[in-house]
Amino acid sequence: MKIARRIDDLGTETAFAVARAAAEWKARGNRVFPFHLGDIDLPTAPHIVEAMNAAIADGKTGYCPGPGIPELREALADDIGTRRGMRISPDQVVVTTGGKPVITKFLQTVMDPGDGVLYPNPGFPIYESQIAYLGGVPLPYRYIPTPDGFAIDLDHLRSLITPQTTALIYNDLQNPISAESTDAEREAVAQIAQEHDLWVLSDEAYFEMRYEGESRSIAALPGMAERTVILYTFSKKFAMTGSRLGCAVAPRAVADVLSTLNTNDESCTTHFVQWAGIAALTGTQEPVRLMLDEFRARRDAVCGLVNAIPGMTAAVPQSTFYVFPDVTEAVRRMGLADVGEFAQQALHSTGVSFCTREHFGTRQPGEDREYIRLAYSGIGLEDITEGLTRLREWVADA
Ligand SMILES: Cc1ncc(COP(=O)(O)O)c(C=O)c1O
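Residues numbered from 1 in each chain as written. Predicted model: local features only at pLDDT ≥ 70, side-chain atom pairs only at ≥ 80, totals over all residues. Heavy atoms only, no water.

Q: A description of the layout of surface pockets should follow, citing residues and the corresponding values.
A: When its volume is computed, the largest pocket comes out at roughly 630 Å³. Secondary structure elements with two or more residues in the lining of the largest pocket: α1 (15–27), α4 (100–110), α5 (125–133) and β9 (228–233). Examining the composition of the lining of the largest pocket, we find that three residues originate from one element, α1, more than from any other. Split by residue class, the lining of the largest pocket holds 13 nonpolar, nine polar and seven charged. The residue makeup of the lining of the largest pocket includes at least three contributed by each of domain 1 (5–43 + 287–396) and domain 2 (48–282). Listed by contribution, the elements that provide at least two residues to the lining of the second largest pocket are β5 (143–146) and β6 (149–152). (1 Å grid on protein atoms, 1.4 Å probe; cavity = no way out; pocket = protein on both sides within 12 Å on 5 of 7 lines; lining within 4 Å. Points joined across faces, edges and corners; volume = space filled by probe spheres on them. Helix = DSSP H or I, 4+ residues; strand = E, 2+ residues; numbered from the N terminus. Nonpolar A, V, L, I, M, F, W, Y, C, P; charged D, E, K, R; others polar. Domains from an automatic or database assignment.)

Q: Explain the sheet that holds strand β2 (residues 93–96) to me, using residue names and the numbers behind them.
A: With mixed pairing, seven strands are arranged side by side in an open sheet as β2-β10-β9-β8-β7-β3-β4. Of all strands in the sheet, those with a lone pairing partner are β2 and β4 (137–141), marking the two edges. Looking at each pair of strands side by side, their axes are set apart by 20° on average, direction ignored. Both strand β8 (residues 199–203) and β9 contribute to a ladder of four bridges, which runs parallel. Bridging across to β9, Asp203 finds its partner in Leu231. (Pairing = 2+ DSSP bridges. Axes fitted to C-alpha atoms, helices over the stretch in contact; angles between N-to-C directions.)

Q: Tell me about the site of the ligand, and please be specific about residues and values.
A: In the region of the ligand, 14 residues are neighbours, and Asp203, Tyr206, Thr233, Lys236 and Arg244 sit closest. At a separation of 2.8 Å, an oxygen atom of the ligand approaches a polar side-chain atom of Ser235. Side-chain polar atom of Lys236 to an oxygen atom of the ligand: 2.7 Å apart, as the coordinates give it. Protein contact buries 92% of the 400 Å² of open area that the ligand shows by itself. Structurally, the ligand is housed in the largest pocket. Grouping the amino acids of the shell around the ligand by side-chain chemistry returns four nonpolar, six polar and four charged. (Near = heavy atom within 4 Å. Polar contact = N/O pair within 3.5 Å; in protein donor to acceptor, adjacent residues only side chain to side chain. Areas by Shrake-Rupley, 256 points an atom, 1.4 Å probe, with all protein chains shown as cover. Sits in = over half its atoms within 2 Å of the grid points.)

Q: Describe the sheet that holds strand β11 (residues 322–323), naming the residues involved and giving the relevant values.
A: Spatial strand order, β11-β14-β13: three strands in an open sheet with antiparallel pairing. The open sheet has two edge strands with one neighbour each: β11 and β13 (355–356). The pairing of β11 with strand β14 (residues 372–375) spans two bridges and is classified as antiparallel. Residue pairing across strands places Tyr322 opposite Ala375, the latter belonging to β14.

Q: Can you break down the UniProt feature "domain: Aminotransferase class I/classII large" (unreviewed entry) in the protein chain residue by residue, with the values?
A: With numbering matched to this structure, UniProt assigns "domain: Aminotransferase class I/classII large" (unreviewed entry) to residues 36–391. Secondary structure across residues 36–391 divides into 40% helix and 15% strand, with the first and last C-alpha atoms of the span separated by 15 Å. (UniProt positions renumbered as here; feature names shortened; annotations may be inferred.)

Q: Tell me about the pairing of strand β7 (residues 165–170), residues and numbers included.
A: Sheet faces and side chains relate simply in a regular strand, where the side chains alternate between the two faces. With respect to burial, β7 is a largely interior element, six of its six residues being buried. In this sheet, β7 lies alongside strand β3 (residues 116–120) in parallel orientation, the contact comprising three bridges. Residue pairing in the sheet places Gly116 in a bridge with Thr165 of β7. Examined bridge by bridge, β7 and β8 share four bridges and lie parallel to one another. Its bridge partner lying in β8, Leu168 is registered against Val200. In terms of handedness, the path from β7 via helix α7 (residues 183–195) over to β8 forms a crossover that is right-handed. (Buried < 20%, exposed > 50% of the residue type's maximum accessible area, 1.4 Å probe, protein only. Right-handed = clockwise from strand over helix to strand, strands pointing away.)

This is the structure in structure tokens:
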């Protein structure tokens, strides 16, 4: 019995292998400091849970409309539009089971086999996986380190475009590197998209996970709403990763296709979870503020401790819950073959578990720096301090 050939092109989140290695190490009686998780160790707020339970008790357990219940589409159009300075109509909103399905459904809608799609690298690994799986041509664009973090290499991005390029995936407030566009960079990306008539997927999973300043959406720039699909998710902002609730905001014609894809794929998003989503959007935002306060303190601790480790440096990101230190000198000083060996030995010597650059898309020719990703959404301040102190002692003593 054969497995379909297209499965050869399907990637995955190899970061799950890191979680497995950490779990195995823990099961053998060792202490683990989990910096690999993109999950959140804080519970969903009580008023959201209560709304979900009330919806179940009220019989909101049957099928519901494919693009989402009207009340949630209205609340999303209002909230997403207000926060981005855009006018969004509820029929542009298609509710999905988390943010991730928006990536696949966007590509299914706008990309034919053989079409090129630009995407960030390092970046969320599902972009590369789904472009290849659906028969597109992956066009990874790179970043340049700056004193404040990272900037998109716009010349490189432009150089990848061919007449077959149909779409650009843009993840401002970026996983894993926490890069954030300046206004000028965002405008340059928008200009490129318009010049080359590209569809844009604006992955805004971390739009509200920020500690200073204000997030902006490329979709709000002139001429962009008609070519942009926004990926929105409840996962991070409302600590609802397992509830699987998100949406796409798309031009009407694309929204109609996304809705039909929903009907084909999952019929609808879990009915009672959508009522919890309404409570999340319209209820108190105090839990979001408290979570951001907690994450800001964690970020400050992580950045302070990382920059005290010999051979490791990291800029202080203003958003997301990731820090992406350059560990090139530490790896070299320790005489290790590569960052993979660094990660493996760090786990076994200190219990500190993290992903590396290799988990976020295929490494590009000419890359000569080594990076790791430290996620601080699933580890408290005390463990951050103890774990990174152990890491410092291990690197310093080598
Ligand atoms: C950049 C980015 N986009 C999308 C997602 C998917 O989020 P969700 O859990 O809502 O599917 C993630 C999750 O980690 C992410 O980091």
